[in-house]
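Survey of secondary and tertiary structure
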Amino acid sequence: MTQAPSPALDTALAYHRAWTGHDFDRAMDYIADDIVCEAPSGRLEGAEAFRGFMEPFTQILTDSRLIAAFGDDRTALLMYDTKTLPVDSAPGAECLTVQDGTIRHLRIIFNQAPFIAAEQAASGS
């Protein structure tokens, strides 16, 4: 069975490969200037705000494993697990809206509990 091409999924996967491959400048090529990102820390508007949120995470990333990826013409959904310097497992998911090959809207969901526990252990709390 041949699967129909998915422009949104192609863009989402290219973006994901770039940031998980430690090429954040390349990842930003897929981000629209006026992106809206809904993250656990709140709503971010614009590419520079998005860079300020996401780039520091990529700097502590040591490995990533894609669990699932689905998409159609405009929307893609990725689920993955990341390994970072402070935690061995930080699962996340992204729902991306793509237009003309750029990500216009990104909703990120991830488990903050491992990071909170690592921070508390480091501070002795």
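This text gives an overview of the structure that appears in the document. What you see is a predicted model; the values in this text were computed from it and never measured.

1. What to know about the overall build of the protein chain
Counting its regular elements, the protein chain contains 4 helices and 6 strands. In sequence order, the secondary structure elements of the protein chain are arranged as α-α-β-β-α-β-β-β-β-α. The C-alpha extent of the protein chain, read off along each of the three principal axes, is 50 × 35 × 20 Å. Taking all 125 residues of the protein chain together, the buried fraction comes to 38%. Expressed as a percentage of contacts within the protein chain between residues at least 6 apart in sequence, the contacts between residues at least 24 apart total 49%. When the accessible surface of the protein chain is totalled, it reaches about 7,200 Å², and 51% of it is carbon and sulfur.

2. Some remarks on the environment of Leu9
Looking at where Leu9 falls in the secondary structure, it is placed in helix α1 (residues 7-20). Taking the C-alpha atoms as reference points, Leu9 and Phe70, separated by 61 residues in sequence, lie 6.4 Å from one another. In contact with Leu9, other than residues within four places in its own chain, are Ala69, Phe70, Gly71, Asp72, Ala76 and Leu78.

3. Quick look at the side chain of Ser6
Inspection of the secondary structure puts Ser6 in the segment before α1. At 3.3 Å, the side chain of Ser6 forms a polar contact with the backbone oxygen of Gly71. Ignoring anything within four residues of it in the chain, the contact list for Ser6 reads Gly71 and Asp72.

4. As for the packing of aromatic side chains
In total, this model carries 4 aromatic pairs according to the counting rule given. Plain terms: the ring middles of Tyr15 and Phe50 are 6.4 Å apart, the flat faces sit at 45° to each other, and that makes the pair tilted. Remark: Phe50 occurs in helix α3 (residues 47-60) and Tyr15 occurs in helix α1; sequence separation between them is 35 residues. Ring plane angle 70° and centroid distance 6.3 Å describe the contact between Phe57 and Phe115, whose orientation is recorded as edge-to-face. Taken together, the residues span a long stretch of sequence, with Phe57 in helix α3 and Phe115 in helix α4 (residues 113-123) at a distance of 58 residues. Within the aromatic cluster, the residues linked to one another by ring pairs are Trp19, Phe57, Tyr80 and Phe115.

5. As for α1
Here α1 contains 14 residues, and its C-alpha end-to-end distance of 20 Å stays within 8% of the 20 Å for a straight helix at 1.5 Å per residue. Along α1, 11 of the 14 residues are buried, which leaves the element largely enclosed by surrounding structure. Within the span of α1, buried status applies to Ala8, Leu9, Thr11, Ala12, Leu13, Ala14, Tyr15, His16, Ala18, Trp19 and Thr20. At the exit of α1 stands His22, carrying a positive phi of roughly 65°.

6. Thoughts on the sheet that holds strand β6 (residues 102-110)
The 6 strands lie next to each other as β2-β1-β6-β5-β4-β3, forming an open sheet whose pairing is mixed. Edge strands, defined here as strands with exactly one partner in the open sheet, are β2 (42-45) and β3 (61-71). When the angles between neighbouring strand axes are averaged without regard to direction, this sheet yields 20°. Sheet topology places β3 next to strand β4 (residues 75-84); 9 bridges connect them, and they run antiparallel. By the bridge assignment for β4, Ala68 is matched with Met79. In the packing of α1 onto the sheet, the strands contacted are β1 (31-39), β3, β4, β5 (90-99) and β6, and the crossing angle to β4 comes to about 15°.

Parameters and conventions
- Residues numbered from 1 in each chain as written.
- Predicted model: local features only at pLDDT ≥ 70, side-chain atom pairs only at ≥ 80, totals over all residues.
- Heavy atoms only, no water.
- Helix = DSSP H or I, 4+ residues; strand = E, 2+ residues; numbered from the N terminus.
- Buried < 20%, exposed > 50% of the residue type's maximum accessible area, 1.4 Å probe, protein only.
- Contact = heavy atoms within 4.5 Å.
- Areas by Shrake-Rupley, 256 points an atom, 1.4 Å probe, with all protein chains shown as cover.
- Polar contact = N/O pair within 3.5 Å; in protein donor to acceptor, adjacent residues only side chain to side chain.
- Phe/Tyr/Trp six-rings, centres within 6.5 Å; stacked < 30°, edge-to-face > 60°.
- Expected span 1.5 Å × (residues − 1).
- Pairing = 2+ DSSP bridges.
- Axes fitted to C-alpha atoms, helices over the stretch in contact; angles between N-to-C directions.

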